[in-house]
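Chain by chain, the residues:
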Amino acid sequence: EGGRCKFSGSPTEEWGVTTLEREIPGEDFHRFEATLIPQRLGAEKPTYECGVVLYSYQGSGLGIGLDTAGQLKVGQVSERDMNRDMTLGWQPVRTPVAIPAEITLRFERRTKDGNSQLEVSLYDPAKKEFVVIVQNQSMMLPAGPKRDLKLSFFGRGWKKRPFTFF
(Lines give C-alpha, C1' and ligand atoms only; values in the text may rest on other atoms or scores of the structure.)
Protein backbone atom coordinates (compact mmCIF):
# COMPACT_ATOMS: atom_id res chain seq x y z
CA GLU A 1 0.00 0.00 0.00
CA GLY A 2 1.39 3.38 -0.95
CA GLY A 3 4.68 1.84 -2.12
CA ARG A 4 5.19 -0.02 1.17
CA CYS A 5 5.16 -3.71 1.98
CA LYS A 6 2.16 -4.70 4.11
CA PHE A 7 2.90 -7.48 6.59
CA SER A 8 -0.05 -9.08 8.34
CA GLY A 9 -1.05 -12.34 9.91
CA SER A 10 -3.27 -14.14 12.36
CA PRO A 11 -1.34 -16.62 14.52
CA THR A 12 -2.71 -20.16 14.76
CA GLU A 13 -1.08 -20.61 18.17
CA GLU A 14 -0.29 -18.24 21.06
CA TRP A 15 2.65 -16.03 20.13
CA GLY A 16 3.26 -18.01 16.95
CA VAL A 17 5.71 -16.07 14.82
CA THR A 18 5.17 -15.05 11.19
CA THR A 19 8.37 -14.14 9.36
CA LEU A 20 9.53 -12.76 6.05
CA GLU A 21 13.19 -13.68 5.54
CA ARG A 22 15.98 -13.15 3.07
CA GLU A 23 19.56 -14.39 3.07
CA ILE A 24 22.32 -11.85 2.49
CA PRO A 25 25.85 -12.82 1.46
CA GLY A 26 27.93 -11.91 4.52
CA GLU A 27 30.77 -10.28 2.65
CA ASP A 28 28.28 -8.06 0.77
CA PHE A 29 26.49 -6.75 3.84
CA HIS A 30 27.23 -3.14 4.65
CA ARG A 31 24.00 -1.43 5.71
CA PHE A 32 20.23 -1.61 5.42
CA GLU A 33 17.37 0.50 6.67
CA ALA A 34 13.87 -0.65 7.59
CA THR A 35 10.85 1.39 8.60
CA LEU A 36 8.17 -0.25 10.75
CA ILE A 37 4.72 1.30 10.95
CA PRO A 38 2.58 -0.67 13.42
CA GLN A 39 -1.18 -0.44 12.86
CA ARG A 40 -3.66 -0.39 15.73
CA LEU A 41 -7.10 -1.95 15.49
CA GLY A 42 -9.27 0.99 16.48
CA ALA A 43 -8.34 2.55 19.83
CA GLU A 44 -7.36 -0.87 21.17
CA LYS A 45 -3.93 -1.47 22.68
CA PRO A 46 -1.71 -3.46 20.27
CA THR A 47 -2.03 -7.22 20.73
CA TYR A 48 1.10 -8.07 18.79
CA GLU A 49 4.83 -7.50 18.56
CA CYS A 50 6.81 -6.74 15.43
CA GLY A 51 10.42 -6.15 14.50
CA VAL A 52 13.56 -7.08 12.61
CA VAL A 53 16.27 -9.65 13.37
CA LEU A 54 19.64 -9.94 11.66
CA TYR A 55 20.91 -13.50 12.14
CA SER A 56 24.58 -14.43 11.82
CA TYR A 57 25.72 -17.53 9.95
CA GLN A 58 25.92 -19.25 13.36
CA GLY A 59 22.13 -18.99 13.86
CA SER A 60 22.03 -16.35 16.58
CA GLY A 61 20.86 -12.85 15.88
CA LEU A 62 20.25 -9.35 17.09
CA GLY A 63 16.60 -8.33 17.16
CA ILE A 64 15.01 -4.91 17.51
CA GLY A 65 11.26 -4.80 17.94
CA LEU A 66 8.21 -3.14 19.37
CA ASP A 67 6.37 -4.96 22.17
CA THR A 68 2.65 -4.80 23.01
CA ALA A 69 3.22 -1.77 25.25
CA GLY A 70 4.78 0.15 22.34
CA GLN A 71 8.24 -0.06 23.88
CA LEU A 72 11.29 -0.55 21.65
CA LYS A 73 13.33 -3.56 22.78
CA VAL A 74 16.54 -5.32 21.79
CA GLY A 75 17.43 -8.98 22.21
CA GLN A 76 20.05 -11.57 21.34
CA VAL A 77 17.90 -14.35 19.90
CA SER A 78 18.01 -17.63 18.05
CA GLU A 79 15.34 -18.78 15.62
CA ARG A 80 13.85 -21.15 18.18
CA ASP A 81 13.45 -18.23 20.65
CA MET A 82 11.05 -16.48 18.31
CA ASN A 83 7.88 -18.34 19.39
CA ARG A 84 7.63 -16.50 22.69
CA ASP A 85 6.96 -12.91 23.59
CA MET A 86 9.46 -10.14 24.32
CA THR A 87 9.18 -10.43 28.10
CA LEU A 88 11.87 -13.15 27.98
CA GLY A 89 15.39 -12.05 27.09
CA TRP A 90 14.57 -8.71 25.45
CA GLN A 91 15.71 -5.47 27.09
CA PRO A 92 14.29 -1.95 26.69
CA VAL A 93 16.33 0.22 24.34
CA ARG A 94 17.81 3.20 26.15
CA THR A 95 17.57 6.14 23.81
CA PRO A 96 17.03 9.86 24.18
CA VAL A 97 14.73 9.74 21.15
CA ALA A 98 10.95 9.51 21.59
CA ILE A 99 9.60 6.49 19.69
CA PRO A 100 7.88 7.89 16.58
CA ALA A 101 4.85 6.37 14.81
CA GLU A 102 7.19 5.38 11.96
CA ILE A 103 10.22 3.58 13.36
CA THR A 104 13.15 3.71 10.96
CA LEU A 105 16.09 1.51 11.92
CA ARG A 106 19.53 1.36 10.34
CA PHE A 107 21.64 -1.81 10.72
CA GLU A 108 25.24 -1.08 9.74
CA ARG A 109 28.55 -2.91 9.67
CA ARG A 110 31.30 -1.01 11.49
CA THR A 111 34.95 -1.99 11.76
CA LYS A 112 36.74 -1.57 15.08
CA ASP A 113 40.21 -2.93 15.81
CA GLY A 114 40.02 -5.02 12.63
CA ASN A 115 36.73 -6.69 13.64
CA SER A 116 33.39 -6.14 11.96
CA GLN A 117 30.61 -5.32 14.39
CA LEU A 118 26.96 -4.40 14.11
CA GLU A 119 25.60 -0.95 14.95
CA VAL A 120 21.88 -0.17 15.03
CA SER A 121 20.53 3.37 14.83
CA LEU A 122 17.05 4.88 15.18
CA TYR A 123 15.98 7.81 13.02
CA ASP A 124 15.06 10.90 15.03
CA PRO A 125 12.58 12.87 12.87
CA ALA A 126 12.92 15.98 15.09
CA LYS A 127 16.67 16.23 14.41
CA LYS A 128 16.51 14.58 10.96
CA GLU A 129 19.39 12.26 11.85
CA PHE A 130 20.09 8.73 13.06
CA VAL A 131 20.95 8.13 16.73
CA VAL A 132 22.94 5.01 17.68
CA ILE A 133 20.91 2.78 20.00
CA VAL A 134 22.95 -0.47 19.90
CA GLN A 135 26.64 -1.11 19.37
CA ASN A 136 26.88 -4.87 19.34
CA GLN A 137 30.32 -6.14 20.18
CA SER A 138 29.24 -9.75 20.68
CA MET A 139 27.82 -10.35 17.19
CA MET A 140 30.82 -10.43 14.93
CA LEU A 141 29.84 -10.16 11.30
CA PRO A 142 31.30 -12.60 8.81
CA ALA A 143 34.11 -11.82 6.44
CA GLY A 144 34.49 -14.35 3.68
CA PRO A 145 32.45 -16.61 1.45
CA LYS A 146 29.75 -19.02 2.62
CA ARG A 147 28.99 -17.04 5.75
CA ASP A 148 25.59 -15.68 4.91
CA LEU A 149 23.45 -13.50 7.14
CA LYS A 150 19.69 -13.71 7.30
CA LEU A 151 17.39 -10.73 7.59
CA SER A 152 14.03 -11.56 9.18
CA PHE A 153 11.00 -9.31 9.68
CA PHE A 154 8.62 -10.78 12.24
CA GLY A 155 5.20 -10.36 13.74
CA ARG A 156 3.63 -12.44 16.49
CA GLY A 157 0.71 -12.16 18.86
CA TRP A 158 -2.26 -13.79 20.52
CA LYS A 159 -3.96 -16.73 18.83
CA LYS A 160 -6.41 -15.68 16.10
CA ARG A 161 -5.87 -11.95 16.77
CA PRO A 162 -4.83 -10.35 13.46
CA PHE A 163 -1.88 -7.98 13.23
CA THR A 164 -0.72 -5.61 10.53
CA PHE A 165 2.34 -3.45 10.08
CA PHE A 166 4.05 -1.89 7.10
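Preceding this section is the structure that the text describes.
No experiment lies behind these values; they were computed from the predicted model shown.

A. How the structure looks around the pattern of salt bridges. Across all of its chains, the model carries seven salt bridges by this definition. The closest approach of N and O atoms between Glu108 and Arg31, which form a salt bridge, is 3.9 Å. In this pair, Glu108 sits in strand S8 (residues 103-112) while Arg31 sits in strand S3 (residues 31-36), placing the two residues 77 residues apart along the sequence. Each of Arg31, Glu108, Arg110 and Glu119 takes part in a single network of salt bridges with overlapping partners.

B. Quick peek at the sheet that holds S8. Spatial ordering of the open sheet is given by S3-S8-S9-S10, a layout of four strands whose pairing is antiparallel. Of all strands in the sheet, those bounded by a partner on one side alone are S3 and strand S10 (129-136). The sheet shows a mean angle of 30 degrees between the axes of neighbouring strands, taken without regard to direction. With six bridges connecting them, S3 and S8 associate as antiparallel partners. Its bridge partner lying in S8, Leu36 is registered against Ile103.

C. Highlighting the sheet that holds strand S4 (residues 48-55). Taken in spatial order, the six strands line up as S2-S11-S4-S5-S6-S7 in an open sheet, and their pairing is antiparallel. Each edge of the sheet is formed by a strand with only one pairing partner; in this case those strands are strand S2 (16-24) and strand S7 (90-92). Averaged over all pairs of adjacent strands, the angle between their axes in this sheet comes to 20 degrees, without regard to strand direction. Bridging between S4 and strand S5 (residues 60-66) involves six bridges; their strand directions are antiparallel. Pairing of Cys50 across the sheet is with Leu66, part of S5.

Procedures and definitions
Residues numbered from 1 in each chain as written. Predicted model: local features only at pLDDT ≥ 70, side-chain atom pairs only at ≥ 80, totals over all residues. Heavy atoms only, no water. Salt bridge = Lys/Arg side-chain N within 4 Å of Asp/Glu carboxyl O. Helix = DSSP H or I, 4+ residues; strand = E, 2+ residues; numbered from the N terminus. Pairing = 2+ DSSP bridges. Axes fitted to C-alpha atoms, helices over the stretch in contact; angles between N-to-C directions.

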